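Listed below, chain by chain, are the residues.
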Amino acid sequence: MIRLPGLIDPHVHFREPGQTHKEDWESGSSSALAGGVTMVLAMPNTKPPIFDKTTFEAATRIAKEKSLIDFGQFLGAGPKNTHWQETSNLPKRSAGLKMYLDSTFGELRLDEMSLWNAHFENWPSNLPIVAHSEKQSMAAVILFASIHDRPVHIAHVSLKEEILLIRQAKEKGIKVTCEVTPHHLFLSNEDIPRISRGKPGRGEVRPRLASKMDVEALWENMDVIDCFATDHAPHTLDEKDGNNPPPGFPGLETMLPLLLTAVSDGRLSLGDIKLRCVDNPRRIFNLPEQPDTWLEIDETVKYEIKAKNLHSKCGWSPFEDYQVKGLLKKVVLRGKTAFEDGKIRIEPGFGRNIREQQ
C-alpha cells in the first residue's frame, strides 16, 4: 500500500443546474471520491450560467446539499458583469473567475478584448482568473496578464506551441500557470477511431485531441505544467452519438489510475502527482488544507478501465479497456472513511464549501 493526500481537481463540470441527466452534484462528487479526488472546483457554464449573486447562491446551495466532497464554485466572466467591485463579497466567495475566450456561446461569450480588459481591471487582484484560451487567444491573455501584472491560469493546454509559449512567459517572469488534462497526456488524435467505435462524436473534445508530437511535447515540458485537471465534462452516449455531438470527456475516476500507471512506467513519480494534484492547486487557487485526509492505494493491482464500474451518470469513458496499474482502496476525508473497497461510505452533504472555511 502507498498513501497520497486527497487529490484536488480544479476543473470539473457537474452540469447542475440545467443538465442533470448528464451529471449532478451527487453523482459527480461520487465519481470524484471513487477517483481519489476530495476537492473540486466547478465551472460556471451551467444552464443558466453562474455569473451573478442569484445564480451563484443557487448553485452553491445545491452543491452544499448534495456534494460528498469539498468544493468551490467559479463565477463566469460575461459581457455584462464586468463591474465586480460593485458585487460586494461575491468574488471572494468563489473559486475564481472563468473567462471563456474560445468555443463558447451565450451569456459567457466575450467577443471583444475590451471586455477582457474590464475583467482584468475589476476582478480582485488577489483572486484567480482562469482562461479557456487556445493558440492565439492564449498568447493574448498572457499579454493581458503581463500588462496588468497579475496571475492568469491557462486551462487544458494541449499543443506544443502552447506549452513552449508558457515556458517562455514564465522565463520572462510573467505570472502564468497552466494545467493539462489526462486525456491530452495519454491520448492523441490517432486514438479517436478506438474511442469512437464507429461513432465519431465520441472523440469530440475541446481542445481537440492533438498529434503525438504535441502529446510528447507536454511530457517533455512537464516542469512547465503546474496542475493536472480532468476537465470532467460528462455527456450521455445518446448525445455523443447524435447529429450534433457536444464536446467533452468524463475523467474523474480515470485520472489517478492513469497517473499511477505513468509512475509504474517511470514517466512520473508519486511526488509529481502530489505536486500537480495537491500542492500547486492549493497554492494557485488559495485552497484550505484538508486535515486527516488521505488515499490508500494498492500499487500492484493491474486491471482494465470499464465504464460500467464508474459512478458518473454519463456511462462511458474514452479510456474504456485501457490497461492501468494501481487501484484505489480507501479514501479518508477529514478523518472519516469516505470510500473503501469500491463502496461510497458517506452521504450527500458531507462536502464543505472551501470558501466558507476561510
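Notes on the structure follow. Every value quoted in this text rests on a predicted model; they were computed, and no experiment measured them.

Here Ser-137 is to be found in helix 5 (residues 136–148). Classification of Ser-137 by relative accessible area gives buried; the value is 11%. Through-space distance from the C-alpha of Ser-137 to that of His-148 is 16 Å; in sequence the pair is 11 residues apart. One polar contact links Ser-137 to Asp-102, side chain to side chain, over a distance of 2.4 Å.

Right, let's talk about the nonpolar core for a bit. If you look at the biggest cluster of nonpolar residues, it comprises 87 residues, and the most contacted ones within it are Leu-7, Val-40, Met-99, Val-152, Ile-154, Ile-166 and Phe-228. Apart from residues lying up to four places away in sequence, Leu-7 is in contact with Gly-35, Gly-36, Val-37, Thr-38, Met-39, Met-255, Leu-256, Ile-273, Cys-277, Val-278 and Leu-295. Within the second largest apolar cluster, 16 residues are counted, among which are Leu-41, Phe-74, Ala-155 and Ile-354.

Turning our attention to the layout of surface pockets. Its volume calculated, the second largest pocket comes out at about 400 Å³. Lining the second largest pocket we find 20 residues, and of these Ala-34, Glu-253, Tyr-303, Asn-309 and Leu-327 sit closest to its centre. Here the lining of the second largest pocket gets four residues from one element, more than from any other, and that element is strand 12 (residues 323–333). In terms of residue class, the lining of the second largest pocket is built from nine nonpolar, six polar and five charged.

For the rest of this paragraph, the subject is helix 5. Compared with the 18 Å implied by 1.5 Å per residue over 13 residues, the 19 Å span of helix 5 between its first and last C-alpha is a close match. Within helix 5 the residues assigned to the buried category are Ser-137, Met-138, Ala-140, Val-141, Ile-142, Phe-144 and Ala-145. At the C-terminal side of helix 5, Asp-149 shows a positive phi close to 50°.

Moving on: the pattern of salt bridges. Applying the stated criterion across every chain, the model contains 23 salt bridges. Salt-bridge contacts for Asp-149 lead to Lys-175; the nearest nitrogen and oxygen are separated by 3.3 Å. Placement of the pair is Asp-149 in the loop between helix 5 and strand 8 (152–154) and Lys-175 in the loop between helix 6 (160–171) and strand 9 (176–180), with a sequence separation of 26 residues. By relative accessible area, which is 39% here, Lys-175 ends up partly exposed. For Asp-272, the salt bridge goes to Arg-276, with nearest N and O atoms at 3.3 Å. Of this pair, Asp-272 and Arg-276 both sit in helix 12 (residues 270–284), four residues apart, roughly one helical turn. Classification of Asp-272 as partly exposed rests on a relative accessible area of 22%. Several salt bridges share partner residues, and in doing so they unite Glu-16, Asp-24, Lys-66 and Lys-313 into one network.

One open sheet accounts for six strands, arranged 5-6-7-8-9-10; its pairing is parallel. Of all strands in the sheet, those with a lone pairing partner are strand 5 (75–76) and strand 10 (227–228), marking the two edges. Relative to strand 9, strand 8 is paired through three bridges, and the arrangement is parallel. Within strand 9, the position partnered with Ile-154 by the bridge is Cys-178.

To continue, consider empty space enclosed by the protein. Applying the stated criterion across every chain, the model contains four cavities of 30 Å³ or more. Its boundaries defined by the atoms lining it, the largest cavity holds a volume of some 50 Å³. Surrounding the largest cavity, Ser-31, Pro-250, Gly-251, Leu-252, Glu-253, Thr-254, Leu-310, Ser-312, Trp-316 and Ser-317 form its lining. Its residues assigned to classes, the lining of the largest cavity shows four nonpolar, five polar and one charged.

Relative to the helices and strands, Leu-333 is located in strand 12. As for Leu-333 and Leu-127, which are separated by 206 residues in sequence, their C-alpha atoms are 26 Å apart. Those residues in contact with Leu-333 that lie beyond four places of it in its chain are Thr-38, Leu-68, Ile-69, Asp-70, Gln-290, Asp-292, Thr-293, Ala-338, Ile-346 and Phe-350.

Another aspect to go through is the state of the cysteines. Summed over all chains, the structure comprises zero disulfides. Of all cysteine sulfurs in the structure, the one in Cys-178 sits closest to Cys-227, which takes part in no disulfide; the separation is 7.9 Å. Of all cysteine sulfurs in the structure, the one in Cys-227 sits closest to Cys-277, which takes part in no disulfide; the separation is 8.2 Å. Among the residues examined, Cys-277 registers a relative accessible area of 0% and is labelled buried.

What counts, and at which threshold
- Residues numbered from 1 in each chain as written.
- Predicted model: local features only at pLDDT ≥ 70, side-chain atom pairs only at ≥ 80, totals over all residues.
- Heavy atoms only, no water.
- Helix = DSSP H or I, 4+ residues; strand = E, 2+ residues; numbered from the N terminus.
- Buried < 20%, exposed > 50% of the residue type's maximum accessible area, 1.4 Å probe, protein only.
- Polar contact = N/O pair within 3.5 Å; in protein donor to acceptor, adjacent residues only side chain to side chain.
- Core = buried A, V, L, I, M, F, W, Y, C linked by side-chain atoms within 4.5 Å.
- Contact = heavy atoms within 4.5 Å.
- 1 Å grid on protein atoms, 1.4 Å probe; cavity = no way out; pocket = protein on both sides within 12 Å on 5 of 7 lines; lining within 4 Å.
- Points joined across faces, edges and corners; volume = space filled by probe spheres on them.
- Nonpolar A, V, L, I, M, F, W, Y, C, P; charged D, E, K, R; others polar.
- Expected span 1.5 Å × (residues − 1).
- Salt bridge = Lys/Arg side-chain N within 4 Å of Asp/Glu carboxyl O.
- Pairing = 2+ DSSP bridges.
- Disulfide = S-S within 2.5 Å.

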